[in-house]
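What follows is each chain in one-letter form.
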Amino acid sequence: MKTVRTHDKIYLTTNRYNKPKKAFEFLYKILKKKLSIKKRYKVLDVGCSNGELLFFLNKKFRNFDFHGVDLRNDLIKLAKNKLPKNITLKKKDYTKETLKGKFDIIIVSGVIGILDELDNFFTNIKKNMKKNSILFLFENLNEYDYDIMIKYKDLNSKITSYQSGWNIWSIKKIKKYFKSKKIIIHPFNIDIDIKQNKNDLIRTWTIKIGKKRYFLNALNILQKQSWFEIR
Ligand SMILES: C[S@@+](CC[C@H](N)C(=O)[O-])C[C@H]1O[C@@H](n2cnc3c(N)ncnc32)[C@H](O)[C@@H]1O
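Residues numbered from 1 in each chain as written. Predicted model: local features only at pLDDT ≥ 70, side-chain atom pairs only at ≥ 80, totals over all residues.

Chemist: Explanation requested: the overall build of the chain in the structure shown.
Modeler: Regarding its fold elements, the chain presents five helices and 11 strands. For 231 residues, the compact-globule formula gives about 17 Å, and the C-alpha radius of gyration of the chain, at 17 Å, lands near that figure. Reported as C-alpha extents along the three principal axes, the dimensions of the chain are approximately 50 × 40 × 40 Å. Taking as baseline every contact in the chain between residues at least 6 positions apart, the subset at least 24 positions apart corresponds to 66%. (Helix = DSSP H or I, 4+ residues; strand = E, 2+ residues; numbered from the N terminus. Rg over C-alpha atoms; globule rule 2.2 N^0.38 Å. Contact = placed C-beta atoms within 7 Å.)

Written out as structure tokens, the structure reads:
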């Protein structure tokens, strides 16, 4: 089935540089606990989009070297306009190529659900990792041993192809790429309500079940995202 991915265009119009996503604030809290502020870290954000996460972390950790890559030219161009010049930004498809060098921390947030095949992507990620590098993956991974491929079509859109973006990979699948590492799960529990956007029902909103909030969108599948720390 031929699929497309157009939804990442939304990052051309979002502006959360000074009001980051709650998931990014949560990552900052985790990093602050785990990292030494005296050490210098080389950090890479793969699928950095418009650079909102890099912008936020760069303000918090002034002595780190930040790098970002994204598949989309338009997003990298925008990031280059918005981000300070000390942050290196490059257009790259990480299923096909890598950056040269090794990084202490690699962040991959909301990317692997777009991919139907992970081998090349993680081979390339691993080329950038040293033995003690840490990978932070933000995703809705399946605690059960099932990989789930999802395609959707918006019947009110001019785009007639099915779109990708919401595959649910299993934790078991990810473990296969990192046999010598352990995975620490930091469940993300959002503490604010996000309203449904009637103009874009693929954007997630929150619903409350008991005392917890979960993300949902028009695909009608509950999202349980976590930061997966692979070290
Ligand atoms: C859902 S967005 C997430 C953006 C950001 N990381 C965040 O968490 O808000 C996914 C991003 O990954 C990028 N992307 C998708 N496939 C990629 C690939 N193969 N290599 C590099 N970037 C990719 C997209 O262009 C998009 O900017």
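Chemist: I would appreciate a short explanation of the pairing of strand E5 (residues 103-109) in the present structure.
Modeler: Consecutive side chains along a regular strand alternate between the two faces of the sheet. E5 sits mainly inside the fold: six of its seven residues count as buried. Taken together, the four bridges between strand E2 (residues 42-46) and E5 define a ladder with parallel strand orientation. From the neighbouring strand, Leu44 faces E5, where its bridge partner is Ile106. Judged from the six bridges that link them, E5 and strand E6 (residues 129-139) form a sheet pairing that is parallel. The residue of E6 that forms the bridge with Val108 is Leu137. Since E5 and E6 lie parallel, the crossover through helix H4 (residues 119-127) that links them has a hand, and here it is right-handed. (Buried ≥ 20, exposed ≤ 12 C-beta atoms within 10 Å, placed from the backbone. Pairing = 2+ DSSP bridges. Right-handed = clockwise from strand over helix to strand, strands pointing away.)

Chemist: Looking at this structure, I do not really get the nonpolar core. What am I missing?
Modeler: As a rule of thumb, nonpolar side chains are buried together in soluble globular proteins. In terms of nonpolar packing, the biggest core is built from 44 residues, with Val46, Leu54, Ile106, Val108, Ile125, Leu135 and Phe136 touching the most fellow members. Of all the elements, E6 adds the most residues to this core, at six residues. Excluding anything up to four places from it in sequence, Leu135 contacts Ile106, Val108, Ile125, Met129 and Ile230. (Core = buried A, V, L, I, M, F, W, Y, C linked by C-beta atoms within 7 Å.)

Chemist: Help me understand the site of the ligand in this model?
Modeler: By nearness alone, 18 residues border the ligand, and Gly47, Ser49, Leu71, Ser109 and Gly110 come closest of all. Residues of the shell around the ligand, tallied by class, amount to eight nonpolar, five polar and five charged. (Near = placed C-beta within 6 Å. Nonpolar A, V, L, I, M, F, W, Y, C, P; charged D, E, K, R; others polar.)

Chemist: Please clarify how helix H2 (residues 52-60) should be interpreted in this entry.
Modeler: An α-helical segment advances 3.6 residues per turn. Residues three or four places apart therefore align on the same side. Residues of H2 that are buried: Glu52, Leu53, Leu54, Phe55, Phe56 and Leu57. In this structure, the buried side of H2 is in contact with helix H1 (22-34), E2, strand E3 (65-70), helix H3 (73-82) and E5.

Chemist: Honestly, the sheet that holds strand E4 (residues 88-91) in this entry has me stumped. Any pointers?
Modeler: Read from one edge of the open sheet, seven strands run E4-E3-E2-E5-E6-E11-E8, paired in mixed fashion. Both edges of this open sheet fall to E4 and strand E8 (183-187), since each of them pairs with a single strand only. Averaged over all pairs of adjacent strands, the angle between strand axes in this sheet comes to 15 degrees, irrespective of strand direction. By the bridge criterion, five bridges tie E8 to strand E11 (residues 226-230) in an arrangement that is antiparallel. Looking at the pairing, His186 lines up with Trp227 of E11. Relative to E3, H2 is tilted by about 175 degrees, and along the sheet it contacts E2, E3 and E5. (Axes fitted to C-alpha atoms, helices over the stretch in contact; angles between N-to-C directions.)

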